[in-house]
Amino acid sequence: MDKEHILEHLRAAKSAHIKWVQKAKLLINGIDVKEDSIPVDSTECKFGQWFYAEGQILNALSNNPVECMVKIERLHFNLHDVYMNIFNIYFNRPKGGFFSKLFGQKTTVEDYEADKARQYYANLEIISKELVEELNRLERRLIAVPEERIKQLI
């Protein structure tokens with residue numbers, strides 16, 4: 001594994017995070033999104049899978065303070081905590097009866113619940129922006145490290 005490979009995976013993880021947030025936006029905008037397409041657990045989303053596996057290599061970068069990875073993890077946990085509130089509004093509700101299942105009618109969300117979900121989403125966007133900024137700093141640090149030092153990490 002070389003520096004370019006690690007950079008590519010970091011960028012893919014960042015992209016996966018952005019897509020995850022976009023799916024949450026679709027959900028609160030009334031688009032039918034499958035329950036399992038936006039993982040609630042921070043270790044099940046693509047970003048979390050990268051972070052808790054290959055991403056941990058970046059803890060050893062000499063120019064990457066420990067606080068960076070701690071902050072990324074904290075922000076990621078916070079995102080999923082906030083999303084859990086949105087998830088509960090849209091998916092943890094009483095399911096419709098036999099006829100709603102038969103005719104494909106989905107359970108509707110009350111206006112006050114949709115407003116609450118939009119408030120949660122606004123908070124989610126703020127946290128996401130901070131996470132992306134931290135990932136961008138991590139990427140710049142990785143770019144600054146010579147290839148030889150990267151090989152020593154692996």
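Here the structure is a predicted model, which means the values were calculated and not measured.

About the cut-offs
- Residues numbered from 1 in each chain as written.
- Predicted model: local features only at pLDDT ≥ 70, side-chain atom pairs only at ≥ 80, totals over all residues.
- Heavy atoms only, no water.
- Helix = DSSP H or I, 4+ residues; strand = E, 2+ residues; numbered from the N terminus.
- Contact = heavy atoms within 4.5 Å.
- Axes fitted to C-alpha atoms, helices over the stretch in contact; angles between N-to-C directions.
- Parallel < 35°, antiparallel > 145°, perpendicular 65-115°, else oblique.
- Left-handed = near helix turned anticlockwise from the far one by under 90°.
- Nonpolar A, V, L, I, M, F, W, Y, C, P; charged D, E, K, R; others polar.
- pLDDT = per-residue confidence, 0-100.
- Salt bridge = Lys/Arg side-chain N within 4 Å of Asp/Glu carboxyl O.
- Buried < 20%, exposed > 50% of the residue type's maximum accessible area, 1.4 Å probe, protein only.
- Core = buried A, V, L, I, M, F, W, Y, C linked by side-chain atoms within 4.5 Å.

### Concerning the environment of L27
Okay, step 1: By secondary structure assignment, the location of L27 is in helix α1 (residues 3-28).
Okay, step 2: Not counting chain neighbours up to four residues away, the residues in contact with L27 comprise V33, I38, Y83, I86, Y90 and F91.

### Thoughts on the packing of helix α3 (residues 66-90) against helix α5 (residues 111-144)
Okay, step 1: Two elements in contact, α3 and α5, have axes separated by 9 Å at closest approach and are oriented at 160°. Compared by their axis directions, α3 and α5 come out roughly antiparallel. Crossing hand, α3 versus α5: left-handed.
Okay, step 2: The residue inventory of the contact of α3 with α5, partitioned by class, reads 19 nonpolar, four polar and seven charged.

### Comments concerning the confidence of the model for the chain
Okay, step 1: Per-chain confidence: the chain averages 89 in pLDDT, with 90% of residues scoring 70 or above.
Okay, step 2: Averaged pLDDT values over the elements of the chain bottom out at 50 in helix α4 (residues 98-102) and peak at 97 in helix α2 (residues 46-51).

### Comments concerning the packing of α1 against α5
Okay, step 1: For the pair α1 and α5, interaxial distance at closest approach is 11 Å and the crossing angle is 170°. The angle between the axes of α1 and α5 places the two elements in the roughly antiparallel class.
Okay, step 2: Among the residues making up the contact of α1 with α5, the classes are represented as 17 nonpolar, three polar and six charged.

### Things to note about the pattern of salt bridges
Okay, step 1: As enumerated under the stated definition, the model contains seven salt bridges in all.
Okay, step 2: Between E4 and R11 there is a salt bridge; the shortest N-O distance is 3.9 Å.
Okay, step 3: Given the relative accessible area of 46%, E4 is considered partly exposed.
Okay, step 4: In this structure R11 comes out as partly exposed when scored by relative accessible area, which is 34%.
Okay, step 5: Notably, a salt bridge pairs K71 with E134, separated by 3.6 Å at the nearest N-O pair. With K71 in helix α3 and E134 in helix α5, the pair connects residues that are 63 residues apart, well separated along the chain.
Okay, step 6: Members of the salt-bridge network, linked through shared partners, are E4, R11, K14 and E139.

### What to know about the nonpolar core
Okay, step 1: Core analysis: the biggest nonpolar cluster contains 41 residues, and F47, I72, Y83, Y90, L124 and L138 have the highest contact counts within it.
Okay, step 2: Mapped onto this core, the elements with two or more residues apiece are α1, α2, α3 and α5.
Okay, step 3: Among the elements that line this core, the one with the most residues is α3, at 11 residues.
Okay, step 4: Once you skip the residues sitting within four places of it in the chain, I72 turns out to touch F47, F51, L131, E134, L135 and L138.

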